[in-house]
Amino acid sequence: NVKGALFDLDGVLVDTAKYHYLAWKQLAEELGFAFTEADNERLKGVSRTRSLEIVLEVGGVSLSEAEKHRLAEEKNERYLQYIRNMDESELLPGAKAYLLQLKEQGVRIALGSASKNAVFILEKVGILELFDSIVDGTKVSKAKPDPEVFTLGCHELGLTPQDCVVFEDAEAGVQAAIAAGMYVVGIGSEAILGAANRVVRGLDELVA
Ligand code: G16
Ligand code: MG
């Protein structure tokens, strides 16, 4: 019987991947190379620092730590310009309805995201108050597929892994949930998320 639900942010509740993509693409162009949507798939669920390394790898560019730090800041400034205009209409189909449904059933809700901008985004789209716990990129040191983000969320809810279900769109996130000993629902395609206990196209499929 489920007592806690842990949600990834990007790709599960909102589609921020498109804004991450625009910001990384501009950075790549500035550095003189192209960055495609296919390349962008590799950044999903991955931390900002690791994302930059992947982008630079795509362009065959190597830089000093100081330069990398500056570019990561620059990318985030651009990203913030995009997400500052987000509103409730950018919630993915079924996201809010499903959160409300769980709340009604007495299920406790936590966020498990790699993003350092998670609270800002939840506030923008108007669902921040639905969360009992927020575990984001400012709280964890180990990235998915490490289970830290979900283990901490479950702990903050005062529950055990067997009580919790994770909703994830990224393969590394599904692996993290499995490593945490939790039931995991993949959001996306069976081909990519086959390791999950169940796969649905979106949260709207789960709304009663
Ligand atoms: C999200 C995105 C990643 C992004 C990461 C860090 O993770 O999927 O592409 O690199 O957050 O974001 P920020 O630069 O805002 O700290 P998640 O875990 O919510 O899917
Ligand atoms: Mg995600």
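Remember, it's a predicted structure, so these values are computed and weren't measured experimentally.

Rules of the game
Residues numbered from 1 in each chain as written. Chains lettered and ligands numbered in written order. Predicted model: local features only at pLDDT ≥ 70, side-chain atom pairs only at ≥ 80, totals over all residues. UniProt positions renumbered as here; feature names shortened; annotations may be inferred. Helix = DSSP H or I, 4+ residues; strand = E, 2+ residues; numbered from the N terminus. Buried ≥ 20, exposed ≤ 12 C-beta atoms within 10 Å, placed from the backbone. Contact = placed C-beta atoms within 7 Å. Axes fitted to C-alpha atoms, helices over the stretch in contact; angles between N-to-C directions. Parallel < 35°, antiparallel > 145°, perpendicular 65-115°, else oblique.

Attention now goes to the UniProt feature "binding site: Mg(2+)" (unreviewed entry) in the chain. Listed under "binding site: Mg(2+)" (unreviewed entry) in the UniProt record, and renumbered for this structure, are Asp8, Asp10, Glu168 and Asp169. A compact arrangement is adopted by the annotated residues: their sequence extent is 162 residues, whereas the largest C-alpha distance between any two is 9.0 Å. Note that Asp8 resides in the loop between β1 (4-7) and α1 (17-30). Asp8 gets classed as buried once you count the C-beta atoms within 10 Å, which come to 27. Examined against the element boundaries, Asp10 turns out to sit in the loop between β1 and α1. Once you skip the residues sitting within four places of it in the chain, Asp10 turns out to touch Thr16, Ala17, Lys44, Ser113 and Ser115.

Our focus in this paragraph is the packing of helix α3 (residues 48-59) against helix α4 (residues 65-83). Two packed helices can be described by the angle between their axes and the distance between those axes. Here α3 crosses α4 at 105°, and the two axes come no closer than 10 Å. Between α3 and α4, the interaxial angle falls into the category roughly perpendicular. Each of Arg48, Thr49 and Leu52 in α3 lies in contact with α4, whose residues at this interface are Lys68, Leu71, Ala72, Lys75 and Asn76.

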